[in-house]
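Overview (structure and organization)
Given next are the chains, with one letter for each unit.
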Amino acid sequence: MAAKRLTILGSTGSIGQNTLDLVRRAGEGAFDIVALTAHSNANQLAEQALEFGAKFVALASEENAGILKTLLRDSNVEIGVGPDALVEAGKRSADFVMASIIGSAGLEPTLAAIEQGIHVGLANKECLVCAGELVMTAVAQSGSTLLPIDSEHNAIFQVLDQKQPESVKRLILTASGGPFLDRTPAEMYNITVSDALNHPIWSMGAKITIDSASMMNKGLELIEASHLFGRKSGEIDVIIHPQSIIHSMVEYVDGSYLAQLGSPDMRTPIAYALAYPARMSAPVPKLDLTQTGGLTFFEPDLEQFPALKLAREALNTGGAATNILNAANEVAVAAFLDKKIGFLDIASIAEKTLDKLGRANLAQSDLASVLAIDEQARITATESIQGLSRS
Ligand code: NDP
Ligand code: MG
């Protein structure tokens, strides 16, 4: 069989590295690396390009371009720098593109990949949160197959009967609940960056780890599921399942529940997408149900995790609301990681930004308006953060 031509947008991140781990284990001839991209980690990007024989690399930030060029000067690897180079990477002819940039910065390169009409592995959930209609329209027009990488959405994709949508009653997203499930509201005030980066189950990049701790991640996933599977907010439930063994479920009208189970390791959904519709082996720990102990489930506390409530409200509002929520959250998480604001400020900055801009009833009909609203929400959120530090 011919090698699968693969591009990884965000190859230096947690999903990108896990994808390359599977490529490495699949051995010579299974994959041919077309393009790899990073934001500023020139050293790792160059190392990956040389190890995997990438044809093209793109670095978003100009800052370390000199390092990248020096490291690759004796190779045939083509180099691009700046946001346009990322879009170029998404456009390069491939059989599969892994969209694993973090945040709305991944939107344009991911759209470029979708426009190729190929298989796209979507880890970059923020694309669907900021521009769900636009992305799903591009998928329909190009004939691309969007393969969810998020473990919950990948689980649903595996057990959903796409041919009989009327047989589906509900999607049930499971959530580990992150590290702060047992904290009282008063204890939530003193959460530090290192507390929040210490996820009990999943090892991931910093931004999604903070989102998991605030449960904004589950809110973003609710919005993601709504677009991916064409379901209204009322048809998608969220339940806490701290062991993260059942990755999500579908309830059918006859009372059947179909679930996908596995050890919590992102290489399972990544392998599923890379090999789709076939299967490939992944080096994940075997799931030994005799050793896992009890599986527990309970309702999330929306007072303790206001971000989840906010995300559902934004989904119900529709229009630009989820785009505003996403941009404000990205700015607030970066400020928290920079120790400029407290943990509970993240959701309150997102709420304030929605209050300020949501009332303007912004319409977003095309890419330009999506990007303009994203920018406006970032400015508004930044002003709110400055207001907090002055008070
Ligand atoms: P990481 O932070 O580990 O990696 C992000 C990648 O994107 C890196 O390659 C980074 O480059 C690049 N990047 C960051 N900012 C920009 C930017 N402004 N422009 C272009 N490239 C940029 O993230 P994760 O791998 O954890 O997450 C990636 C996506 O997958 C997210 O949307 C996340 O929600 C989703 N996801 C991740 C899971 C996980 O297990 N990690 C699970 C489920 C979903 P550099 O290294 O140079 O900074
Ligand atoms: Mg997830």
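For the structure, see preceding data.
Residues numbered from 1 in each chain as written. Chains lettered and ligands numbered in written order. Predicted model: local features only at pLDDT ≥ 70, side-chain atom pairs only at ≥ 80, totals over all residues. Heavy atoms only, no water.

1. Quick word on the pattern of salt bridges
The following threshold applies: When a carboxyl oxygen of Asp or Glu lies within 4 Å of a side-chain nitrogen of Lys or Arg, that pair is called a salt bridge. The helix count covers DSSP runs of H or I at least four residues long, the strand count covers runs of E at least two residues long, and both are numbered beginning at the N terminus. Remark: exposure states derive from per-residue accessible area (1.4 Å probe, protein chains only) relative to the maximum for the residue type, with buried under 20%, exposed over 50%, and partly exposed in between.
The final tally for this structure, using the stated rule, is 23 salt bridges. For Arg-267, the salt bridge is made with Asp-21, and the minimal N-O distance between the two is 2.8 Å. Here Arg-267, found in helix H12 (residues 267-275), pairs with Asp-21, found in helix H1 (residues 14-26); they are 246 residues apart in sequence, far enough to count as distant. Between Lys-55 and Asp-32 there is a salt bridge whose closest N-O contact spans 3.3 Å. One end of the pair, Lys-55, is in the loop between helix H2 (42-52) and strand E3 (56-59); the other, Asp-32, is in strand E2 (residues 31-38), and 23 residues separate them in sequence. Owing to a relative accessible area of 42%, Lys-55 belongs among the partly exposed residues under this scheme. Several salt bridges converge on common partners, so that one network encompasses Asp-21, Arg-24, Arg-25, Glu-51, Asp-265 and Arg-267.

2. Things to note about the site of ligand 1
As a reminder of what qualifies: Note on terminology: near, applied to a residue and a molecule or strand, indicates that one of the residue's heavy atoms is within 4 Å of it. For this analysis, a polar contact is any N or O atom pair within 3.5 Å, provided that within protein one partner can donate a hydrogen and the other can accept it, and provided that sequence-adjacent residues contribute only side-chain to side-chain pairs. In this description, accessible areas are obtained by the Shrake-Rupley approach with a 1.4 Å probe, and a residue is regarded as covered only by the protein chains that are shown. When residues are grouped by polarity, Ala, Val, Leu, Ile, Met, Phe, Trp, Tyr, Cys and Pro land in nonpolar, Asp, Glu, Lys and Arg in charged, and all others, Gly among them, in polar.
Residues in contact with ligand 1 amount to 25 residues; listed here are only the nearest, Thr-12, Ser-14, Ser-40, Asn-41 and Glu-126. Gly-13 is positioned with one of its backbone polar atoms (N or O) 3.2 Å from an oxygen atom of ligand 1. Interatomic distance of 2.7 Å between a backbone N/O atom of Ser-40 and an oxygen atom of ligand 1. Considered on its own, ligand 1 offers 900 Å² of accessible surface; in the complex 85% of this is hidden by protein. Here the shell around ligand 1 is built from residues that sort into eleven nonpolar, eleven polar and three charged.

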